Amino acid sequence: GAGVSQSPSNKVTEKGKDVELRCDPISGHTALYWYRQRLGQGLEFLIYFQGNSAPDKSGLPSDRFSAERTGESVSTLTIQRTQQEDSAVYLCASSLLVNNYGYTFGSGTRLTVV
Amino acid sequence: AQTVTQSQPEMSVQEAETVTLSCTYDTSESDYYLFWYKQPPSRQMILVIRQEAYKQQNATENRFSVNFQKAAKSFSLKISDSQLGDAAMYFCAYRSARDAGNMLTFGGGTRLMVKP
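Fair warning: this is a prediction, and the values are worked out from it, not measured in the lab.

Novice: Teacher, can you tell me more about the interface of chain B and chain A here?
Specialist: How large an interface is tends to be reported as the accessible area lost when its parts come together. Contact with chain B, which involves 21 residues of that partner, is made by 27 residues of chain A. Of the roughly 1800 Å² buried at the junction of chain B and chain A (both faces included), carbon and sulfur atoms supply 50%. Contact with chain A buries area across many residues of chain B, yet Arg43, Asn102 and Met103 of chain B alone supply 33% of it, more than any other trio. Across the contact surface, chain B and chain A share zero salt bridges. The interface formed by chain B and chain A includes six residue pairs in polar contact (both at pLDDT 80 or more). Among the secondary structure elements, those contributing two or more residues to the side of chain B that touches chain A are β5 (32–39), β6 (46–52) and β10 (88–96) of chain B. In terms of residues, the side of chain B that touches chain A owes the most to one element, β5 of chain B, which gives four residues. Broken down by class, the residue content of the side of chain B that touches chain A amounts to nine nonpolar, seven polar and five charged.

Novice: What's the story with the pairing of strand β7 (residues 65–69) of chain A in this structure? I'm lost.
Specialist: Consecutive residues of a regular strand have side chains that alternate between opposite faces of the sheet. All names here are of chain A. What you see with β7 is a clean split: Phe65, Ala67 and Arg69 sit on the buried side and Ser66 and Glu68 on the side with no burial. Bridge analysis of β7 against strand β8 (residues 75–79) gives five bridges, and the strand direction is antiparallel. Residue pairing in the sheet places arginine 69 in a bridge with serine 75 of β8. From the end of β7 to the start of β8, which pair antiparallel, there are five residues, and glycine 71 there has a positive phi angle of about 60°.

Novice: I tried to follow the nonpolar core on my own but got confused; where do I start?
Specialist: In a soluble, globular protein the nonpolar side chains are often hidden away together inside. Within the largest apolar cluster, 25 residues are counted, with the highest numbers of intra-cluster contacts made by Tyr25, Trp36, Phe75, Leu77 and Tyr90 of chain B. Residue assignment for this core shows that the elements contributing at least two residues are β3 (19–21), β5, β6, β8 (64–69), β9 (74–79), β10 and β12 (110–115) of chain B. Here the element with the most residues in this core is β10 of chain B; it accounts for four residues. Those residues within four positions of tyrosine 25 of chain B in sequence are excluded, and the remaining contacts are Thr3, Val4, Tyr32, Leu34, Phe68, Gln69, Lys70, Lys73, Ser74, Phe75 and Tyr94 of chain B. Membership of the second largest hydrophobic core comes to 21 residues, among which are Tyr35 and Phe45 of chain A together with Tyr37 and Ala93 of chain B.

Novice: For this particular structure, what's the right way to read the packing of aromatic side chains?
Specialist: What characterises a pair of aromatic rings is the spacing of the ring centres plus the angle enclosed by the ring planes. All names here are of chain A. One pass over the full model with this rule turns up 17 aromatic pairs over all chains. Plain terms: the ring middles of tyrosine 33 and tyrosine 48 are 5.8 Å apart, the flat faces sit at 20° to each other, and that makes the pair stacked. Of this pair, tyrosine 33 sits in strand β4 (residues 31–37) while tyrosine 48 sits in strand β5 (residues 43–50); the two residues are 15 residues apart in sequence, bridging distant segments of the chain. For tyrosine 33, a relative accessible area of 0% gives the class buried.

Rules used throughout
Residues numbered from 1 in each chain as written. Chains lettered and ligands numbered in written order. Predicted model: local features only at pLDDT ≥ 70, side-chain atom pairs only at ≥ 80, totals over all residues. Heavy atoms only, no water. Contact = heavy atoms within 4.5 Å. Buried area = accessible area lost by both parts, 1.4 Å probe. Salt bridge = Lys/Arg side-chain N within 4 Å of Asp/Glu carboxyl O. Polar contact = N/O pair within 3.5 Å; in protein donor to acceptor, adjacent residues only side chain to side chain. Helix = DSSP H or I, 4+ residues; strand = E, 2+ residues; numbered from the N terminus. Nonpolar A, V, L, I, M, F, W, Y, C, P; charged D, E, K, R; others polar. Buried < 20%, exposed > 50% of the residue type's maximum accessible area, 1.4 Å probe, protein only. Pairing = 2+ DSSP bridges. Core = buried A, V, L, I, M, F, W, Y, C linked by side-chain atoms within 4.5 Å. Phe/Tyr/Trp six-rings, centres within 6.5 Å; stacked < 30°, edge-to-face > 60°.

Everything listed here is a matter of coordinates, which is why it stays silent on function.
Written out as structure tokens, the structure is:
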């Protein structure tokens, strides 16, 4: 596609439920990144993919968070048993090469846990 | 670990005036990249300008320029002839040149308001 697409744009969920956030990167971009942005704060790195592999998962806040990528394309970020502190905007970005410093970001998913 | 600090939570500027946003960072590395991103209400992060640490010349992009002081670990953004469309959150970010993963470390952001 022309840009990085994320869905849903907004998600409200009840505490304890599981959610899946989706990211469609720019076609051909081999690297994909997930960041979390809490209200009024900067971006916090979660995980990145090189192809379908995730060499660095150190940013995932807990074992309730997981992510996968298939076909070197779509990625899903799953949060199990959501907690109120998970409320944030989740931003996805992609780039042509892992060492290419040019990211393209999506518009994010705003997750609200009530 | 690297840290990025933006000490100004909010800044205000009159339309057509100039404003400077501050950023400092902490690193023990000598080779790295620095970035300024703009985040309007649409939430999409837009790259404004980038600087390679090995370059002494300050980067410029139209009305946007940086003052890169490597020894002081300072990387400020100057916006000249401010426009209403410049109103947004601005984030400073750091990337190590040795980092194979290309991860960015972000500061906490500065909200820029532009007064007509």
